[in-house]
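Take a look at the letters that make up each chain.
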There are 4 protein chains.
Amino acid sequence: MLFERLESAGLAHYSYLIGDGTQVAVIDPRRDVEVYIERAAKAGMRVGYVLETHRNEDYVTGSRELAAATGAAVLRSGEDDLRYGYGEPVYDGYTLNLGRLQLRAMHTPGHTLGHMSYVLHDPDGVPWIVFTGDALFSGDVGRTDFLGKERLDEATGLLFDSLFNKILPLGDGVIVCPAHGSGSVCGSAIAERTWTTIGLERAHNPKLQVTDKDEFVERVGRVFAYAPYFEMMERLNLEGPPVLGTLPSPPPLTPHEFAGRLEAGGPAEEVQVLDTRTELGFGSAHVPGAINIAEDRLPSFAGWFLTHDKPILLVSETNDVRGAVRHLARLGFDRVEGYLAGGMLAWHMAGFASERIGTVTVQGLCDRLDSAEEPWILDVRSEGEVESEPIPLAHNIHLTDLPARMAEVPEDQLVYVFCGSDVRAMMGASLLQRAGYDDLVVVLGGLRGWSSVTCPLD
Amino acid sequence: MLFERLESAGLAHYSYLIGDGTQVAVIDPRRDVEVYIERAAKAGMRVGYVLETHRNEDYVTGSRELAAATGAAVLRSGEDDLRYGYGEPVYDGYTLNLGRLQLRAMHTPGHTLGHMSYVLHDPDGVPWIVFTGDALFSGDVGRTDFLGKERLDEATGLLFDSLFNKILPLGDGVIVCPAHGSGSVCGSAIAERTWTTIGLERAHNPKLQVTDKDEFVERVGRVFAYAPYFEMMERLNLEGPPVLGTLPSPPPLTPHEFAGRLEAGGPAEEVQVLDTRTELGFGSAHVPGAINIAEDRLPSFAGWFLTHDKPILLVSETNDVRGAVRHLARLGFDRVEGYLAGGMLAWHMAGFASERIGTVTVQGLCDRLDSAEEPWILDVRSEGEVESEPIPLAHNIHLTDLPARMAEVPEDQLVYVFCGSDVRAMMGASLLQRAGYDDLVVVLGGLRGWSSVTCPLD
Amino acid sequence: MLFERLESAGLAHYSYLIGDGTQVAVIDPRRDVEVYIERAAKAGMRVGYVLETHRNEDYVTGSRELAAATGAAVLRSGEDDLRYGYGEPVYDGYTLNLGRLQLRAMHTPGHTLGHMSYVLHDPDGVPWIVFTGDALFSGDVGRTDFLGKERLDEATGLLFDSLFNKILPLGDGVIVCPAHGSGSVCGSAIAERTWTTIGLERAHNPKLQVTDKDEFVERVGRVFAYAPYFEMMERLNLEGPPVLGTLPSPPPLTPHEFAGRLEAGGPAEEVQVLDTRTELGFGSAHVPGAINIAEDRLPSFAGWFLTHDKPILLVSETNDVRGAVRHLARLGFDRVEGYLAGGMLAWHMAGFASERIGTVTVQGLCDRLDSAEEPWILDVRSEGEVESEPIPLAHNIHLTDLPARMAEVPEDQLVYVFCGSDVRAMMGASLLQRAGYDDLVVVLGGLRGWSSVTCPLD
Amino acid sequence: MLFERLESAGLAHYSYLIGDGTQVAVIDPRRDVEVYIERAAKAGMRVGYVLETHRNEDYVTGSRELAAATGAAVLRSGEDDLRYGYGEPVYDGYTLNLGRLQLRAMHTPGHTLGHMSYVLHDPDGVPWIVFTGDALFSGDVGRTDFLGKERLDEATGLLFDSLFNKILPLGDGVIVCPAHGSGSVCGSAIAERTWTTIGLERAHNPKLQVTDKDEFVERVGRVFAYAPYFEMMERLNLEGPPVLGTLPSPPPLTPHEFAGRLEAGGPAEEVQVLDTRTELGFGSAHVPGAINIAEDRLPSFAGWFLTHDKPILLVSETNDVRGAVRHLARLGFDRVEGYLAGGMLAWHMAGFASERIGTVTVQGLCDRLDSAEEPWILDVRSEGEVESEPIPLAHNIHLTDLPARMAEVPEDQLVYVFCGSDVRAMMGASLLQRAGYDDLVVVLGGLRGWSSVTCPLD
């Protein structure tokens, strides 16, 4: 018997392999699918089925990729009127036998209209695990605003029914396997309990502590930010994304080739330069116009700041860009056309100019507070973070809103950029700098650092 | 936060890493401990604590090894009057803080008198996971016969109290993390639910379906086989086993060196020749006197058939004996003094004689049934297997009892050896052959194969 | 700078990566090309060029595969009148610049008419390494019989000119990098000097110890066995073999599915059952009709005994058949349609019949020599081996000739099969058994074992 | 047969495995020896012998470590009057048989008095490879100044004899396997020909293009910098360095623990903070007092700037410090007592202050040239580099001399630090900053960048 959970780092996306005998089913695979094939083969099994709990909006599904590589059947919800470009429809009550195991489909709408959960029965027929997709997470529930604001109450009510009338009745002992863990964009408050159960959620999930459907709709129904890339993801996942075969291997570019591509792009923005180094190195020196998203933040932020219709060039700490390419492919960014061979060192040795973004320690900030100049403080943390720990005098624009709200930032004034640490602050500063702002300072350690020191009185 | 389960294949032994901040605790580590150090380091943490749920009898604990490598503190039960040679005693109610996590010791005697369970509270303070050691498994409970037959009822009663008054009251939603999974010698009936919860066990664990303590004592209290190596394991684990540093790397021996070691050993049994190939290759040809235990069966059977006080020489399919050495070290067999370089091919090319053990397919067996000779059928399956599927006319001696009960097998008659497949049958035949039996035939496919065919009527 | 030699185990095929700056050239790549892409990427380089020294006949070239994956240009000899289906022609004197390195093409016909060698000049311009393809090996030279017997002298003369007038004059200090090492089918006598130089070859290569062209033609011109798969390899390599993308991952088959495929195949030979276990396990029990070629012998023998136009089913020691699939793909065998999940154990447990091939130790053979029955001794070693160490009374048919010369083996007599050890003997016995022979015994240890013992006199 | 070269990255140190049958000899092993054991085991062999060509001064030899792990015999030169603390002496003409291979010791003094080369004869008895230690490199010869300036001519003369009367006469075709490749501190001019031969060296090694011994002594005899750590290495290698067992695994330290260790050290220099990030991140922000040596530069520079008698704390880009620990262990730095968990981000979030070192692009430098202030330009390149490409007005202090010659740098003036790129410049700046200099600017791209641009005329 095979049961395995695979985590896609950064996306906090969980996919699952379940198998018995020689047949394996994969639930909600990611796009780089070789891992599923290898695990199945190692166990002497083959991937015979791919199951989707719902049409995803936050990553490119690997269903078609995995089917193309293995001949597996793709099963997707038929409980929806949307037209999928691939797969076979499955309805509530559908049962899939895998050796001595059984997977039963349970229609659990709310997050999407067609959303399916799957209940796994163990070899003794005991209901053992429920795969809840984006219906129920550890400590949170799925968002219900994808049908639009006007249908928010309806969708939230559907989710209430799915949770309280279908999933929770399975029994407290049943293990809950959702599609996301803590850190996902799909649940604002997913808990750090990396494994959970219906009993733990019933008792401790804040969203489930309600007396009736009305209270649930009141508390849970909420419109969240809708990332620009969600639309692209939904479209790709509906049509079935292009089959990659293997991950692309973008070529190294010499500094002259790299610079040539920037110029050839015509208007500066034609090529997207993505610098995946950490914030300190980026602040020191980077290719003019580069956006900073550290490699391990790509799953969270690449979708917000990059566009699918322009090529991407990479700058990284080493020549190994496979991790970045993998993260980008999961979000459908397939047009990575090269990377700067030798990194910034090669760039500088070839005599090309770079830009920098200033930084200041919290101690340094203390020193400057006396100065006559009044700085403009930009806080790029999320609303929730700002509410729980506000920064006096700061202007709050959540990092993911910055592209749309940039006009609120003054162009002729020194801007201190703050976040919880300094990682998102540097990302935000890179967006501002690319848009022409040139008087930017990132506060190292951010609010956390600032809270740890006391500015000395004179 | 770090929570990870590691499985020692074959032993079906589970150990766990739990960590937060920079501190990791390891529960019930195995002896080859590098994996714990690597996982902790990869997460930017250090192993600060080693916890034992109980004094193990089925493998060599890695506590001292891990403490020697990392400086970690070893915490072991103080709820017992036994004198440990290492570690710090811990009592019921003891609380260990790991960053935002808490581990609370809960005395759960029954399997041993000092047995501890540990309840993990998540960052929100919710009781999340209980590490139950050998008290509660998926589908089974720990054996209670280690205090001896005369104290069986007392120990079983203690286990009832531990289970029904301490562990089950934690709540159905709590996840159960035992020290063993399906396939262990520590639970006769561990289920294949690789992850389980209190709710699932309360409802579906056959041993827990009782009305009161008396019924539990009646049904669960039972004396199981006591492997000869258990005593050695217990002694080692009490004193603290020798620290290895790294796994030994036994030298290759040429056929002449290998043969020389056999002779130098004086009486034939002085050196133990262990052949880790699968049963078909072994049956074809093996070094005279060799015992056959395939590499993946070493965790289950090496302890029964090998002795700790004589050196071991290995014969394997390839020159890579690291897997075998690892399995043996986990059981305290550190005296592996070499392996046959080039395997049986080199042995034969050097002109040394080998022995064989005959095999017969079930079809072949059909053909022979008519023959005048009356074979003696030896069934080496366990009592439980025999009860559920008996073989007519067969003599049952469970494989692990064979060394002690060998005199029951006739020396002057053809013996057909049966098991469920043919793996244990070949092991048993190798034990018999070493003891001088020479008219042995292993039935390929065993009972399973036999049940699949019908002998043609003449 | 990058210079690396990669060995394809078993084939004894060498390929090379050479690079400087960001450009890498690969010489004579094999078909599973991911390793070249990875090595180049790790060095911050891209594969820009693929060079072929000659049209290969003993493996499927990876040129098209590598070009498809990387966009590299394929350079192949233009010094021939053959029509290639891909690549750009290159002529004697052509120079390729790779950063500070230079590769110069040198036309060295003989093995084929278009054969190219490439001379690598180091960053200081010093002639450093010559890639000699199948012209010059360590201790041997390429065979010259591919143009046919009637043009043997002509081709051998061409090779003499290439060696003595072009390659050797490069100077004794120049390093020689051929396309094959010891163990290849392409040179009957390749030495074990895994690295060599012009000086070492000039002084010690037996084929170069001649006084003039006539002596060379006399001694070197010889017609070797022409494997049936050579023709397929040549055709594929001329047209450009199909692009695989990734290695195929054949599905596991249950014993019933496996047996079903055998029957569905109609006539027994429609499906080729290939058993990659070592000889002892195979001898004990195998699927009826299976051919035995141990995994590490596939590169040497698969081409002789398998056919490209029928599907292959695998039986192996474990469920991991990736090694076998890789070896087969290198020889163009892409139709691996599955493997027996669980191996022979599963086969027997499902009640299917197996066959065996008897074995005897050399000691056992001694015992039988007295018996009345006169055995027929089949020696499957090569002519060269037989010449240097004959077996009295044995009939010699080289293993690779056995399919064609099988009629010489008597069907109604006990046949002892001999080779140097017993590996090729078991392969030969499996071929005979498949063809209907049923009285076969493989001598364990073969001639080497036989030579180590003395039969006791009565 | 086994012949393999292993390169220790950064040190440009080569070690070799040679084996046949079951016996392997390792020549000049490094201290982290697990790789030798693994390679031998994989080939079914054991490490039976460890050979040293000479007492090394640039790294800690792994001879004792390897002997402790495998029981191998250590063979070291007896042709010297020095007292070794371990090993068995070997004299000119000594022959070691390894299966069909032979290794013959050849006394080749010059670099040291006892220096040995080893000539490997192939299975056919042909002299095939000469292991030349530090006598002969690709494009260079060993330095001869270790006996002191007064014995320089004598030692150089000895080397001449060793080269011209012993090594070169082996013949042009023999392959040369030295102890170092390009990039080593042991040869100032080692060529990039990664494999070489006597013929190539005789014809193209600049040091060998002499007419007689006098000319050789004149041209080659030269006193080079003597690194402070050489003495420690020599002492360790003479006594036999401490046996590690496995590489140390230093613990993660929280920012508060890390800061506590700095203060507990008393005088600031008591603990050495080593920051292994690349130069841009280090320049942005680092722990006060930290020295910057990027991980891949540790082999070249750690010995010059760190001391063996004080503990080391690490700061790195990730939590994975195994690479750094490995490099440091090879140089005998075993006292790595921890690393900053979470790196500079954690440091800043905990509110600790950091320091920075300014940088300027070459474009920025152009802009500043007009300014009134006269900068002091420090060029930390080597003499050789300065000679071939001088920087006008710059003051040259080779980086490795900087600790001793720091007083030459003015404390009250802006200092621009230059090297070929900017890596060594940042290292130098970190040394200066630690010593109290605070007006430092590193020129990005260094001389290479500067040469690529032209400052615009006003």
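A brief structural summary. Note that the coordinates shown come from a computational prediction; the quantities given were computed from them, not determined experimentally.

As a further point, take the interface of chain B and chain D. Tallying the contact residues gives 19 residues for chain B and 19 residues for chain D. For the pair chain B and chain D, the summed buried surface comes to about 1300 Å²; carbon and sulfur atoms form 57% of the total. It is B:Thr22, B:Arg46 and B:Pro252 in chain B that bury the most area against chain D; as a group they hold 32% of the surface buried on that side. Taken together, the links from chain B to chain D amount to 2 salt bridges. Applying the counting criterion to the chain B and chain D interface returns 4 residue pairs in polar contact (both at pLDDT 80 or more). Those elements giving two or more residues to the side of chain B that touches chain D turn out to be α1 (34-42) and β15 (252-253) of chain B. A per-class count over the side of chain B that touches chain D returns 9 nonpolar, 6 polar and 4 charged.

Mapped onto the secondary structure, C:Val409 falls in the loop between α14 (402-405) and β23 (415-418). Leave out the neighbours within four places in its chain, and C:Val409 touches C:Trp376, C:Leu378, C:Ile397, C:Leu402, C:Val415, C:Leu432 and C:Tyr437.

Turning our eyes to something else, we now look at the packing of helix α3 (residues 152-167) of chain A against helix α5 (residues 213-220) of chain A. The axes of two packed helices give the description: the angle between them and the distance between them. All names here are of chain A. The N-to-C vectors of α3 and α5 enclose an angle of 125 degrees; their axes lie 9 Å apart at closest approach. In terms of their interaxial angle, α3 and α5 are classed as oblique. For the crossing formed where α3 meets α5, the hand is right-handed. Touching Asp153, Thr156, Gly157, Leu159, Phe160, Asp161, Leu163 and Phe164 of α3 are Lys213, Phe216, Val217 and Val220, all from α5. Residues belonging to the contact of α3 with α5 are distributed by class as follows: 7 nonpolar, 2 polar and 3 charged.

So, about the environment of D:Gln272. All names here are of chain D. Checked against the element boundaries, Gln272 lands in strand β16 (residues 272-275). Judged by its relative accessible area of 3%, Gln272 falls in the buried class. Residue contacts for Gln272: discarding those within four places in its chain leaves Phe305, Leu306, Thr307, Lys310, Pro311, Ile312 and Leu313.

Quick notes on the rules
Residues numbered from 1 in each chain as written. Chains lettered and ligands numbered in written order. Predicted model: local features only at pLDDT ≥ 70, side-chain atom pairs only at ≥ 80, totals over all residues. Heavy atoms only, no water. Contact = heavy atoms within 4.5 Å. Buried area = accessible area lost by both parts, 1.4 Å probe. Salt bridge = Lys/Arg side-chain N within 4 Å of Asp/Glu carboxyl O. Polar contact = N/O pair within 3.5 Å; in protein donor to acceptor, adjacent residues only side chain to side chain. Helix = DSSP H or I, 4+ residues; strand = E, 2+ residues; numbered from the N terminus. Nonpolar A, V, L, I, M, F, W, Y, C, P; charged D, E, K, R; others polar. Axes fitted to C-alpha atoms, helices over the stretch in contact; angles between N-to-C directions. Parallel < 35°, antiparallel > 145°, perpendicular 65-115°, else oblique. Left-handed = near helix turned anticlockwise from the far one by under 90°. Buried < 20%, exposed > 50% of the residue type's maximum accessible area, 1.4 Å probe, protein only.

Bear in mind that shape data such as this cannot, by itself, settle questions of function.
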